[in-house]
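Read off the chains here:
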Protein chains: 2
Amino acid sequence: MILTYNTTQTLVKDDSLEGRRLHFYDKNEQIPLVNEGIWQVYRGTIQLSQLSASGEEILLGWAQQNAFFGLWFTHLDSYQAKALSEVYLKWYSKSEIESSLQLTQTVLHQVMGRMRQTEALLAIAGLKRVEERLQQLLKLLKQEMGQSIHEGTRLNVRLTHQNIANAISTTRVTVTRLLGDFQKQGLISLDSDRHLIIHH
Amino acid sequence: MILTYNTTQTLVKDDSLEGRRLHFYDKNEQIPLVNEGIWQVYRGTIQLSQLSASGEEILLGWAQQNAFFGLWFTHLDSYQAKALSEVYLKWYSKSEIESSLQLTQTVLHQVMGRMRQTEALLAIAGLKRVEERLQQLLKLLKQEMGQSIHEGTRLNVRLTHQNIANAISTTRVTVTRLLGDFQKQGLISLDSDRHLIIHH
């Protein structure tokens, strides 16, 4: 779904918008990916993943505010991007990025961020113990999508146990059990919206 | 070890060298990493990895000709870079990169390459069956460090079974067994230098 956003004052006021059209996608929608350009997240969270030949969904990361994503950045088949929340995206063509130092620098900065995230997920995948993988994933999520609140850090996206299981190569059942353990130990809790809170 | 390379004609003739000093490291040497700048590979292969808290070496990728690597690109602790062959490196400071459109574009292009490689390794790590992980790793290595020869593709770096085991989260023993199976099936072979050849 495409809409030109001109009703909400906050968005129009934002200098970085430069009159660029905002594309809206609802929660759980797949984002179309084409070769000619890349998306930038204006608001919301995108989940990037791959469907393996045997049908497993392999989590590759998340794109949040200001991050770029698209086929330009990948060589994988069955690469997919899904909205984890309501999202607003901006579209850039490759040629407009390549001809501007400022845009190239912005993209470089953001790609480095995605690179660090992917590398952190790879380091987590390399850990032998599943409990250690989950602990390190929570630490990464805290950095990537956490907002400080009184009790600790609240993740601003609601992840399903299956999402988490895909990220650390385990089953949903194991994630449910381990999160239950962490909750009993007082390491985490859920707020009324079922968003995860990671305690101090 | 640092040396100014001015004896080999091939190197001096190369335009891209721009009189920049080449730093030489021998096979198996650790490359020093500092915050102020990044390395670019002029010749040879670098292996990037992390030592986890429990002492496991987690493979994060390889940097080959023209690729950049350094602490600028990572947030991980115990990040390390090791020469897998004799290597020649060039050094760039952050500020010189940030002030040049051409250098920024080059770095962006190369970081995207590293990003794709890291993502491919992450997709491999997410596969359940170890045999499938090894098959996909060989496919990636073929792309990343393969040279076409008569029988198929020869990897231009000699990887130990332990290197490969670290890359796909399994044991050295399993890698040895699976590579033996692949050899019997005629999928791979070793040349006289013990470099892996992946058949057509």
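Residues numbered from 1 in each chain as written. Chains lettered and ligands numbered in written order. Predicted model: local features only at pLDDT ≥ 70, side-chain atom pairs only at ≥ 80, totals over all residues. Heavy atoms only, no water.

- Going by what an unreviewed UniProt entry lists, chain A is known as HTH crp-type domain-containing protein and is assigned to Aphanothece hegewaldii CCALA 016.

Overview of unusual backbone geometry
All names here are of chain A.
Right, on to step 1. Here Asn66, not a glycine, exhibits a phi torsion of approximately 75°, which is positive.
Right, on to step 2. Structurally, Asn66 is set in the loop between strand 4 (57-63) and strand 5 (68-69).
Right, on to step 3. For Asn66, a relative accessible area of 39% puts it in the partly exposed group.
Right, on to step 4. Phi is positive for Ser169, which is not a glycine, with a value near 50°.
Right, on to step 5. With respect to the helices and strands, the residue Ser169 is situated in the loop between helix 5 (161-167) and helix 6 (172-184).
Right, on to step 6. Owing to a relative accessible area of 38%, Ser169 belongs among the partly exposed residues under this scheme. (Helix = DSSP H or I, 4+ residues; strand = E, 2+ residues; numbered from the N terminus. Buried < 20%, exposed > 50% of the residue type's maximum accessible area, 1.4 Å probe, protein only.)

Re the interface of chain B and chain A
Right, on to step 1. Facing the 37 residues of chain B at the interface are 37 residues of chain A.
Right, on to step 2. Carbon and sulfur atoms make up 66% of the area that chain B and chain A hide from each other, which totals about 3,500 Å².
Right, on to step 3. The tally of links from chain B across to chain A stands at four salt bridges.
Right, on to step 4. Taking the shortest distance from any N to any O, the salt bridge between Glu119 of chain B and Arg114 of chain A comes out at 3.9 Å.
Right, on to step 5. Counting every contact that joins chain B to chain A gives ten residue pairs in polar contact (both at pLDDT 80 or more).
Right, on to step 6. Residue assignment for the side of chain B that touches chain A shows that the elements contributing at least two residues are strand 4 (57-63) and helix 3 (101-125) of chain B. (Contact = heavy atoms within 4.5 Å. Buried area = accessible area lost by both parts, 1.4 Å probe. Salt bridge = Lys/Arg side-chain N within 4 Å of Asp/Glu carboxyl O. Polar contact = N/O pair within 3.5 Å; in protein donor to acceptor, adjacent residues only side chain to side chain.)

A closer look at the nonpolar core
Right, on to step 1. Formed by 96 residues in total, the largest nonpolar core has its most connected members in Ile31, Ile46 and Phe69 of chain A together with Ile31, Ile46 and Phe69 of chain B.
Right, on to step 2. Excluding residues that lie within four positions of it along the chain, Phe69 of chain A makes contacts with Ile31, Leu33, Ile38, Trp39, Val41, Ile46, Leu48, Ala63, Ala81 and Leu89 of chain A.
Right, on to step 3. In this structure, Phe68, Phe73 and Tyr92 of chain A together with Ile38 of chain B belong to the second largest nonpolar core, which totals 22 residues. (Core = buried A, V, L, I, M, F, W, Y, C linked by side-chain atoms within 4.5 Å.)

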